[in-house]
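Fold and geometry: a report
Residue-level listing of the chains:
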Amino acid sequence: MVFPFSGNHYVKFYWGSDEILMPVYTTTKESVAKHPNASVFINFASFRSVHETSMEAMTYPSIKTLGIIAEGVPEQQTRELVKEAETKGVGMIGPATVGGIKPGCLRIGNTGGMLDNIVMSRLYRPGSVAYVSKSGGMSNELNNIVCRNSNGVCEGVAIGGDRYPGSRFLDHFLRYQDDAGAKMLLLLGEVGGMDEYDLIDAVKSGRITKPIVAWCVGTCASCFATEVQFGHAGAQARGDEETAAAKNKAMKDAGFHVPDSFDKLPEMVGQVYIQLVEEGVIVEQHEGETPQVPMDYTWAKKLGMVRKPANFISSIADDRGEELTYCGVTISDVFAKELGIGGVLSLLWFRRQLPPTCTKFIEMILMVTADHGPAVSGAHNTIVTARAGKDLVSALCSGLLTIGPRFGGALDDAAKMFSQALDSGVSPKDFIENMKKTNQLIMGIGHRIKSLANPDQRVELIKDYAKKHFKTTPVLDFALEVEQLTTRKRANLILNVDGCIAVSFVDMIRSCGAFTREECDDLMSFGCLNGLFVLGRSIGFIGHYLDQLRLKQPLYRHPWDDITYIQELAGSGGS
């Protein structure tokens, strides 16, 4: 294959039921050099570039046959191509052709259609009838007619319906005359042009002696007051001799087998075939086993013939229809209803369209957790990675990998601890004592510098919103009672932002009416709260990455004076 718009690569094609790789090159020159035995060049380029690419192909001596599929090629360019092909001795079919087929050997273009039609028309093995048609679509009809009324096609070509085709009827019928496998010939011409008369002259001169069944379509043109331009560029009579009726009569007078109408053509093919069988010209062979047609899985599934378990299951998004949907809500409705990022997250994470108070709270969490300065471990890692010249994704991942129990990953554990304590009926005091006895830290409690007297404004915002908009806040209330006790021991053992987000989120999903208690517990166990922190903090990490690039900061190296170098550990007993 030659495809100039991408680099050299391979593409997969089916060969029977197996897949094969076909090389793709960017130039014809390279493809010819790599495959010097290839002699057929099928040009699928559009009418805009087919002239240039076909002329180039004919400069290579190894190319012996050229097929041009494109329609609408300017007549001047077609005539130049035809002249060049004659000069170089290249056989040419088209323009405006579907190609040709030699059953049991090869096919050019799309002749014969899909595999099931090739089998139905018995184009997988050679028969005794060789045909030429101007029309590509009608060539497939001829395949069907020949199959039903004889032992099949020996060879078939659609030369195209332009005024100046690359080859004529006579060119192919002379080949068929010399082909021992072609016992009878079939012509499907049309109104316009004089090529049929060249064939008549060849029959009259004795150059072609094999029986020919023929018909020229377009006899209905006589029903119109003026000459009619049919679908093909060359399908218009420019004189009495070019009419379909005149050509049919001339062929019949020359000894062709010409039916009275097209619908009688199959019967005529059958009659001539039977006569040749009776004369011994055609010796019928036993029909072998019909090959199985490998059916494409997608097509077979559509027909309900096969099924298989899916490798993946998704219940949150679907991109197969006219429009992308998030949990059944089209992307247009997402914007029409102004769901915002909180609404989108609720659809994709929780499979629910949560109330506006809930989606607003989700957005608050993302804003509150977006960043906490450059000194925290995640931002620090991101900055160091950015200054090492790594890409954005690498720097972001470096920061995200620090999230865990000691940094940002306490939300899920805090939600679990406080909600389970409340559900068990234990008092805040006993909860603290139990945690102390089991030597466990209370997740969500404690801040480096903040206290009740110097509150964290992020906590105040979250707490005030929850109290104002959620139906009930029992988990938050329990956590605040715990805070009153822990701050008596040390002032900074307050309910921190992680803990406040966690307990408020539990209150939100339990009170919004969208989930059962079991579903709420599942969501907590899935890690969605830590997911909110990861999503929010990614905003800040990306900000730090871009900031370092903006400031053009160099590679970071930690200063020696900030590192304590120890040669020997205390108590190690070294001399």
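Within any chain, residue numbers begin from 1 and follow the written order of that chain's sequence. Whole-chain, interface and lining totals are the exception, using all residues; otherwise, since this is a predicted model, local features are given only for residues with pLDDT of at least 70 and side-chain atom pairs are given and counted only at 80 or more. To obtain the side-chain values, all non-hydrogen atoms of the structure were used and water was disregarded.

Criterion for a salt bridge: a side-chain nitrogen of Lys or Arg within 4 Å of a carboxyl oxygen of Asp or Glu. Applying the stated criterion across every chain, the model contains 23 salt bridges. Across the pair Asp-171 and Arg-168 runs a salt bridge whose closest N-O atoms are separated by 3.7 Å. Across the salt bridge formed by Arg-168 and Asp-198, the nearest N and O atoms sit 3.3 Å from each other. You can see Arg-168 sitting in the loop between β9 (153-158) and α6 (169-178) and its partner Asp-198 sitting in helix α7 (residues 195-204), a full 30 residues away along the chain. We classify Arg-168 as partly exposed; its relative accessible area is 34%. Each residue is assigned to one of three classes by its accessible area relative to the maximum for its type, calculated with a 1.4 Å probe on protein chains only: buried under 20%, partly exposed between the two thresholds, exposed over 50%. A relative accessible area of 29% means that Asp-198 is categorised as partly exposed. By the criteria applied, helices consist of DSSP H or I runs no shorter than four residues and strands consist of E runs no shorter than two, each listed in order from the N terminus.

With that out of the way, let us pick up the sheet that holds strand β3 (residues 40-43). Pairing is parallel across the open sheet formed by 3 strands, whose spatial order is β3-β4-β5. Since the sheet does not close on itself, it has two edges, and those belong to β3 and β5 (91-93), each with one partner. The average undirected angle you get between the axes of adjacent strands in this sheet is 15°. Relative to strand β4 (residues 65-68), β3 is paired through 4 bridges, and the arrangement is parallel. Note that in β4 the partner of Phe-41 across the bridge is Leu-66. Contacts are assigned to residue pairs that have any heavy atoms within 4.5 Å of one another. The angle between two axes is taken between their N-to-C directions and runs from 0 to 180 degrees, where each axis is a line fitted to C-alpha atoms and a helix contributes only its stretch in contact. Strands in contact with helix α2 (residues 50-57) are β3 and β4; relative to β3, the strand with the most contacts, it is inclined by about 175°. A pair of strands is considered paired only if DSSP assigns at least 2 bridges between the two.

What follows is about helix α19 (residues 474-489). Every α-helical turn comprises 3.6 residues, leaving residues that sit three or four positions apart pointing alike. In a regular helix each residue adds 1.5 Å, so 16 residues correspond to 22 Å; α19 covers 24 Å between its end C-alpha atoms and thus fits that length. Every buried residue of α19 is listed here: Val-475, Leu-476, Phe-478, Ala-479, Leu-480, Val-482, Glu-483, Thr-486 and Thr-487. Where α19 is buried, its residues touch α16 (411-424), α17 (428-437), α18 (457-469) and α20 (497-511). The span expected for a helix works out to 1.5 Å for each residue beyond the first.

With that settled, consider the environment of Tyr-556. Position of Tyr-556 among the secondary structure elements: in the segment after α22 (528-550). Spatially, the C-alpha atoms of Tyr-556 and Ala-388 are 7.0 Å apart, while their sequence positions differ by 168 residues. In contact with Tyr-556, not counting residues within four places along its chain, are His-380, Val-384 and Arg-387. A polar side-chain atom of Tyr-556 sits 2.5 Å from a polar atom in the side chain of His-558. We call two N or O atoms a polar contact when they sit within 3.5 Å, provided that within protein one can donate a hydrogen and the other can accept it, with sequence-adjacent residues counted only if both atoms are side-chain atoms.

With an omega of 0°, the peptide bond between Gly-94 and Pro-95 qualifies as cis. Structurally, the position occupied by Pro-95 is in the loop between β5 and β6 (99-102). Its identity as a non-glycine residue notwithstanding, Glu-338 has a phi of 50°, on the positive side. Inspection of the secondary structure assignment puts Glu-338 in the loop between α11 (331-336) and α12 (340-350). Positioned with a positive phi, Lys-552 is a non-glycine residue whose angle comes to about 55°.

As a further point, take α18. With 13 residues, α18 should cover 18 Å at 1.5 Å per step; its first-to-last C-alpha distance of 18 Å lies within 8% of that length. Residues of α18 that are buried: Arg-458, Val-459, Ile-462, Lys-463, Tyr-465 and Ala-466. End-on, the buried residues of α18 take up no more than an arc of 165°, which puts them together on one face. For α18, the exposed residues lying more than 90 degrees away from the buried face are Gln-457, Leu-461 and Lys-468. An arc is given here, and it is the one of the directions from the helix axis to the C-beta atoms.

Let us now look at the layout of surface pockets. Put plainly, a pocket is an open set of points on a 1 Å grid over the protein atoms alone with protein on both sides within 12 Å along at least five of seven lines, a cavity is a set where a 1.4 Å probe fits but cannot get out, and a lining residue has an atom within 4 Å of a point. Grid points are joined across faces, edges and corners, and a volume is the space filled by probe spheres set on the points. Space inside the second largest pocket adds up to approximately 1300 Å³. Lining the second largest pocket we find 37 residues, and of these Ile-442, Ile-445, Gly-446, His-447 and Asn-496 sit closest to its centre. Residue assignment for the lining of the second largest pocket shows that the elements contributing at least two residues are α17, α19, α20 and α22. The element best represented in the lining of the second largest pocket is α17, accounting for 5 residues.

Turning our attention to the side chain of Thr-325. Looking at the element boundaries, Thr-325 is found in strand β13 (residues 325-326). Once residues within four sequence positions are removed from consideration, Thr-325 is found in contact with Ile-316, Ala-317, Asp-318 and Thr-330.

Reading across from one edge, β7-β6-β9-β8-β10-β11 is the order of the 6 strands in this open sheet, with mixed pairing throughout. In this open sheet, the two edge strands, each paired with only one partner strand, are β7 (106-109) and β11 (212-217). On average, each strand axis in the sheet is tilted by 10° relative to the strand beside it, whichever way the strands run. Relative to β11, strand β10 (residues 184-190) runs parallel, the two being bridged by 6 bridges. Counterpart to Gly-189 in the pairing with β11 is Cys-216. This element, helix α5 (residues 136-149), spans β8 (129-133), β9 and β10 of the sheet and lies at about 160° to β8.

Attention now moves to a nonpolar patch on the surface. Here the term patch refers to residues with relative accessible area over 30% and no salt bridge, with like charges joined within 9 Å and nonpolar side chains (Val, Leu, Ile, Met, Phe, Trp, Tyr) within 5 Å. With residues, only the protein chains shown are counted as cover, and all accessible areas are computed by Shrake-Rupley using a 1.4 Å probe. On the surface, a cluster of nonpolar side chains totalling about 570 Å² of accessible area is made up of Met-295, Tyr-297, Trp-299, Leu-303, Met-305 and Val-306. With respect to the secondary-structure elements, Val-306 resides in the loop between α10 (297-302) and β12 (317-318). Classification of Val-306 by relative accessible area gives partly exposed; the value is 36%.

Turning next to the packing of helix α14 (residues 377-387) against α22. Contact geometry for α14 and α22: axes closest at 9 Å, N-to-C directions at 35°. The chirality of how α14 crosses α22 is right-handed. Where α14 abuts α22, its residues Gly-378, Ala-379, Thr-382, Ile-383, Ala-386 and Arg-387 lie against Phe-541, His-544, Tyr-545, Gln-548 and Leu-549. Any residue outside Ala, Val, Leu, Ile, Met, Phe, Trp, Tyr, Cys, Pro, Asp, Glu, Lys and Arg is labelled polar, Gly included; the first ten of those are nonpolar and the last four are charged. Looking at the contact of α14 with α22 residue by residue, the class counts come to 6 nonpolar, 4 polar and 1 charged. By the definition used in this description, the sense in which the near helix is turned from the far one sets the handedness, with an anticlockwise turn below a right angle giving left-handed and a clockwise turn giving right-handed.

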